[in-house]
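# Observations on the model geometry
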Amino acid sequence: MQDYQNLPIDIQTSKLLDWLVDRRHCNLKWQGHVLTIREKINAAIQDMPESEEIKQLLSGSYIHYFHCLRIVDILKGTEASTKNIFGRYSSQRMKDWQEILSLYEKENTYLVELASLLVRNVSYEIPSLKKQISKCQQLQQEYSRKEEECQLGAAEMRERFYSSCKQYGITGDNVRRELLALVKDLPALLTEIGAGARVLSEAIDVYQACVQFVCESATERVVPMLRHVQERGNTTVYEWRRGVEPTMVERPRAEELPEQQDEEAIDWGDLGVESAPAPMGVDYSISGEDGAQAEEVDWGISLEPDPQGAGTDGIDWGDGSGGDPEQITVLEAGIQVPDGVARGPDALTLLESPETRSQFIDELMEVSRDRA
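Calculation rules
Residues numbered from 1 in each chain as written. Predicted model: local features only at pLDDT ≥ 70, side-chain atom pairs only at ≥ 80, totals over all residues. Heavy atoms only, no water. UniProt positions renumbered as here; feature names shortened; annotations may be inferred. Helix = DSSP H or I, 4+ residues; strand = E, 2+ residues; numbered from the N terminus. Expected span 1.5 Å × (residues − 1). Buried < 20%, exposed > 50% of the residue type's maximum accessible area, 1.4 Å probe, protein only. Contact = heavy atoms within 4.5 Å. Salt bridge = Lys/Arg side-chain N within 4 Å of Asp/Glu carboxyl O. Core = buried A, V, L, I, M, F, W, Y, C linked by side-chain atoms within 4.5 Å.

## Quick notes on the UniProt feature "coiled-coil region" (unreviewed entry) in the protein chain
- Residues annotated by UniProt as "coiled-coil region" (unreviewed entry) correspond here to residues 129–156.
- Span residues 129–156 is 100% helix and 0% strand, its end C-alpha atoms 40 Å apart.

Below you can see the structure in the form of structure tokens.
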């Protein structure tokens, strides 16, 4: 007989709640009993002893029968001093939770409540979690693919960066400093380019003869800049313009770029300082015949008729009354540069100055098109 009672019964999850009610294991009005128990639990948790395990149990979204059993076991240890000789507890905490357990066990209310939780979890919570897990796995795969693409793109950009650095002859450790260091080698490179123009004499003569043949008349010398560089090299702009070599060259001082500063170290000036108020006592109004003043700018024009009948209609031109007109002195700007001294833009070489360098390149292209 005992073995027969222990045999399992297969019941569909969705029909478990109805089976408990139909078999009269639980009361048909079990929802009302559960509401009474929930009110008892809400009142009992207001007065609980300091225990980490109890805090974890009460932190859940729903406290059911097995939670209450565990709380009673914990209270047996914390409220042991309130136990009398008859084995009963005088502590109100213990009495409240024991009453909650008795209400749960009455008419097997705890069974129907747990069955309701089981049905809800199986029917709704678990499918929702499965969908969420599937979505997270899909996002994980997508992000893994994007990570691989970003790594490949980073490797490609790194290769392009080092390739560009190799073209400029730098290592790429400190691009700004290395590029500034290359500027020091620029004068020697430009001098070498100017010296290489000496081999263009034959090409220039051919181009000159071609122009004279096409025009059928004597023309001026073509590509003067290229001829000058071919004969004298990369000279200064002063020598190109005046035809004589300067006795002294005062090159512009190269300004070193400041190091990059942190944003916190930037001095924004007096942006936060309020401007000084306008001086008081200035009359910007225009007076009319009725003596009223409008808050406008005073241009020195009076709307009242001139009592003396002057032809100026009362306009004050600001030239004073009978006095001599003020003298205007014009100061000569600039500083006279002595002869033979190359200063400013004239101190730069032909291939350093943007204007002459562009002309040099244009003449090179002109000669190369003719030979083609």
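Once you've had a look at it, read on.
## Details of helix H5 (residues 65–78)
- An ideal rise of 1.5 Å per residue puts 20 Å on 14 residues; H5 measures up with 20 Å between its terminal C-alpha atoms.
- Along H5, the positions that sit buried rather than exposed are Tyr65, Cys68, Ile71, Val72, Ile74 and Leu75.
- Where H5 is buried, its residues touch helix H3 (30–44), helix H4 (52–58), helix H6 (92–105) and helix H7 (109–168).

## Quick look at the pattern of salt bridges
- Scanning the entire structure with this criterion turns up 10 salt bridges.
- Notably, a salt bridge pairs glutamate 53 with arginine 70, separated by 2.6 Å at the nearest N-O pair. Placement of glutamate 53 in helix H4 and of arginine 70 in helix H5 is noted, with a sequence separation of 17 residues between them.
- The closest approach of N and O atoms between arginine 221 and glutamate 231, which form a salt bridge, is 3.7 Å.

## Digging into the nonpolar core
- Judged by nonpolar contacts, the single largest core of 20 residues is most densely connected at Ile41, Cys68, Ile71, Trp97, Ile100 and Tyr104.
- At the level of secondary structure, the elements contributing two or more residues to this core comprise H3, H4, H5 and H6.
- Per-element tally for this core: the top contributor is H5, with six residues.
- Aside from chain neighbours lying at most four places away, what touches isoleucine 71 is Met48, Leu57, Leu58 and Trp97.
- Within the second largest apolar cluster, 16 residues are counted, among which are Ala203, Tyr207, Met225 and Val367.

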